[in-house]
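# Examination of the molecular architecture
Here are the chains, one letter per residue:
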Amino acid sequence: QVQLVESGGDLVQPGGSLRLSCAASGSIFSIYGMGWYRQAPGKQRELVAVVSSGGTASYTDSVKGRFTISRDNAKNTVSLQMNSLKPEDTAVYFCNARIRTPFSPARDYWGQGTQVTVSS
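Fair warning: this is a prediction, and the values are worked out from it, not measured in the lab. (Residues numbered from 1 in each chain as written. Predicted model: local features only at pLDDT ≥ 70, side-chain atom pairs only at ≥ 80, totals over all residues. Heavy atoms only, no water.)

A few words now on the nonpolar core. Among the nonpolar cores identified, the biggest contains 28 residues, and W36, L80, M82 and Y93 are the most heavily contacted of them. With five residues, strand 9 (residues 91-101) is the largest single contributor of residues to this core. (Core = buried A, V, L, I, M, F, W, Y, C linked by side-chain atoms within 4.5 Å. Buried < 20%, exposed > 50% of the residue type's maximum accessible area, 1.4 Å probe, protein only. Helix = DSSP H or I, 4+ residues; strand = E, 2+ residues; numbered from the N terminus.)

And the structure:
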């Protein structure tokens, strides 16, 4: 069984910073892409940033230059450093990873979500 556990969500003022972390645990054979998605009230879940197993990162346009995704393959973790936060960044942030276990082919796994609120 595989679990993704996020941490780091909080209430922050506009212009502030937060760092989200996600740790994968369980019967993991290999982890491919890892990423962060977010879902604001009344909106669809959207991709924020992804990073390949080799470290290549990509971002949605609205966060480029403000957010940085990184991963530690030895620890099976992915992080999202969020700077210059705006009220429109308010959402529940979900960690995602494509993981292969010794017992099943690669598929997507999701964390439970962590709330980020940007407000004065």
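From this point on, the discussion continues.
You can see R38 is positioned in strand 4 (residues 30-39). Here the side chain of R38 touches E46 through a polar contact of 2.7 Å, side chain to side chain. Reaching out from R38, the side chain makes a polar contact with the side chain of Y93 at a distance of 2.9 Å. (Polar contact = N/O pair within 3.5 Å; in protein donor to acceptor, adjacent residues only side chain to side chain.)

For the rest of this paragraph, the subject is the pattern of salt bridges. Under the counting rule described, the total for this entry stands at five salt bridges. For the salt bridge of R38 with E46, the shortest nitrogen-to-oxygen distance reads 2.7 Å. Assessed through its relative accessible area of 5%, R38 is described here as buried. E46 sits in the partly exposed class, given a relative accessible area of 31%. As a salt-bridge pair, R66 and D89 come within 2.7 Å of each other at their nearest N and O atoms. You can see R66 sitting in the loop between strand 6 (57-59) and strand 7 (67-72) and its partner D89 sitting in the loop between strand 8 (77-82) and strand 9, a full 23 residues away along the chain. Across the pair, D89 and R66 agree in class, each one buried. (Salt bridge = Lys/Arg side-chain N within 4 Å of Asp/Glu carboxyl O.)

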